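Residue-level structure breakdown
Take a look at the letters that make up each chain.
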Amino acid sequence: MAAYLVVDTELTNPEMYEIYKLKAKPLVEKYGGEYIARGGQLTVKESKLWAPTRMVLIRFPSAADAESFYHSDEYQEVLQISLQSANRTLFILEGL
């Protein structure tokens, strides 16, 4: 079953975040991930529980693949760049 890594990102250092994006993309692909949406136009219709800002949606073949990507040593190193350049909410959602 496919799984989606969903990230809401508030950029605090856009220049540094560009470095993160360049390094993260090949790792996403290495673990079978495919970007579905990445910072595109966002129209919020309801926001009582959450007010998203900049969304990224990545489809993985399974939740296990998404977890393997996220917890990999390679990604944990690249993640430090993101943590220094953005505030994020991230979750993995199993889906179709």
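Residues numbered from 1 in each chain as written. Predicted model: local features only at pLDDT ≥ 70, side-chain atom pairs only at ≥ 80, totals over all residues. Heavy atoms only, no water.

**Digging into the overall build of the chain**
Scanning the chain from N- to C-terminus turns up 3 helices and 4 strands. Listing the helices and strands of the chain from first to last along the sequence gives β-α-β-β-α-α-β. On C-alpha atoms alone, the chain measures out to a radius of gyration of 13 Å, which is about the 12 Å that the 2.2 N^0.38 rule sets for 96 residues. The principal-axis extent of the C-alpha atoms belonging to the chain is close to 35 × 35 × 20 Å. A burial count over the chain gives 34% of its 96 residues as buried. Put simply, 76% of the contacts in the chain that link residues at least 6 apart link residues at least 24 apart. Per element, the accessible surface of the chain, about 6100 Å² overall, is 54% carbon and sulfur. When the 10 basic and 13 acidic side-chain charges of the chain are each reduced to a single mean position, those positions are 6 Å apart. (Helix = DSSP H or I, 4+ residues; strand = E, 2+ residues; numbered from the N terminus. Rg over C-alpha atoms; globule rule 2.2 N^0.38 Å. Buried < 20%, exposed > 50% of the residue type's maximum accessible area, 1.4 Å probe, protein only. Contact = heavy atoms within 4.5 Å. Areas by Shrake-Rupley, 256 points an atom, 1.4 Å probe, with all protein chains shown as cover. Lys, Arg positive; Asp, Glu negative; His and termini not counted. Charge placed at Lys NZ, Arg CZ, Asp CG, Glu CD.)

**Considerations on helix 1 (residues 14–30)**
Taking 1.5 Å of rise per residue, 17 residues should cover 24 Å, and helix 1 covers 25 Å from first to last C-alpha, within 8% of that figure. The largest bend along helix 1 measures about 25 degrees and falls at Ala24, with the proline Pro26 one to four residues further on. For helix 1, every residue scored as buried is listed here: Tyr17, Tyr20, Lys21, Ala24, Leu27 and Val28. On its buried face, helix 1 is in contact with strand 1 (3–11), strand 2 (34–38), strand 3 (55–60), helix 2 (63–71), helix 3 (73–85) and strand 4 (86–94). Within two residues after helix 1, Gly32 carries a phi angle of roughly 85 degrees, on the positive side. (Expected span 1.5 Å × (residues − 1). Bend = angle between axes of the 7 residues up to and from the residue.)

**Remarks on the confidence of the model for the chain**
Averaged over the chain, the pLDDT score is 96; the fraction of residues at 70 or greater is 100%. The lowest-confidence element of the chain is strand 2, averaging 96 in pLDDT; the highest-confidence one is helix 2, averaging 98. (pLDDT = per-residue confidence, 0-100.)

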